[in-house]
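One letter stands for each residue in the lines below.
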Amino acid sequence: MNEDDIDPLESQLQEAFAESHKTQPAPPEFRQRLQKTRALLTANPPPDCDSAQVLVVPRDVPPYWVELSATTIVGRADDADLKLEHPWVSDRHCAFEKFGDDWQIKDLESTNGVIVNGRELASHTLWQGDAVEIGSYLLIFVEAHRTVE
């Protein structure tokens, strides 16, 4: 794929990736992930809302959207804000948190960690289209004030 073949959403995801990684353009190994992210977001457009959201992509059921609150706890526990049923997900696995204009994800000392864009991280400032892996789930982060069309 050359630069002329990239659609607007693909371009937006690459720009967000470049901003978050301070590289331009996205390395070739990330282009496939960005293309898959674009395909998932195109097939499952986010509903209108004023907050950030994640597209939850489980292995065994269709993807669904979850709106994030200022602090959203993700885990297997019954009181988790976003409950993910999988043996590799800790009771309190991680948290999405809003700090000013930024959103972060923080590992809450989970057993199996949080993988963001293919790298295991203890915390990460999120950008449009970031892919978060938790157990067998993929969560794609989308900010409300950015378009994905």
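Going by the structure above, here's the rest.
In this report, we go over the structure that sits alongside the text.

Cut-offs used in this document
- Residues numbered from 1 in each chain as written.
- Predicted model: local features only at pLDDT ≥ 70, side-chain atom pairs only at ≥ 80, totals over all residues.
- Heavy atoms only, no water.
- Helix = DSSP H or I, 4+ residues; strand = E, 2+ residues; numbered from the N terminus.
- Buried < 20%, exposed > 50% of the residue type's maximum accessible area, 1.4 Å probe, protein only.
- Contact = heavy atoms within 4.5 Å.
- Areas by Shrake-Rupley, 256 points an atom, 1.4 Å probe, with all protein chains shown as cover.
- Pairing = 2+ DSSP bridges.
- Polar contact = N/O pair within 3.5 Å; in protein donor to acceptor, adjacent residues only side chain to side chain.

Attention shifts here to the overall build of the protein chain. Within the protein chain one finds two helices and 11 strands. For the protein chain, the N- to C-terminal ordering of α and β elements is α-α-β-β-β-β-β-β-β-β-β-β-β. Burial analysis of the protein chain (149 residues in total) assigns 46% to the buried set. For the protein chain, the proportion of contacts with a sequence separation of at least 24, taken over those separated by at least 6, is 38%. Here the protein chain has roughly 8,000 Å² of accessible surface; of this, 47% comes from carbon and sulfur atoms.

What follows covers the sheet that holds strand β3 (residues 71–75). Strand order in the open sheet made by the five strands is β4-β3-β5-β6-β9, with mixed pairing throughout. In this open sheet, the two edge strands, each paired with only one partner strand, are β4 (82–83) and β9 (123–125).

Turning next to the side chain of N117. Tracing the backbone through its elements, the reader meets N117 in the loop between β7 (115–116) and β8 (119–120). Only 2.8 Å separates the side chain of N117 from the side chain of D130, close enough to count as a polar contact.

Moving on to the environment of I140. Mapped onto the secondary structure, I140 falls in strand β11 (residues 137–142). Taking relative accessible area as the criterion, I140 reaches 0% and is therefore assigned buried. In this structure, the C-alpha to C-alpha distance between I140 and G129, residues 11 residues apart in sequence, is 5.7 Å.

In this structure, T111 sits in the loop between β6 (102–107) and β7. Taking the C-alpha atoms as reference, T111 lies 7.8 Å from V89; in sequence the two are 22 residues apart.

Right, let's get into the environment of C94. Locating C94 in the fold gives a position in strand β5 (residues 94–99). Since its relative accessible area comes to 0%, C94 is described here as buried. Residues C94 and S123, spaced 29 residues apart in sequence, show a C-alpha to C-alpha distance of 9.2 Å. If we skip the residues at most four places from it in the chain, C94 touches T72, I73, V74, I105, K106, D107, L108, V114 and I134.

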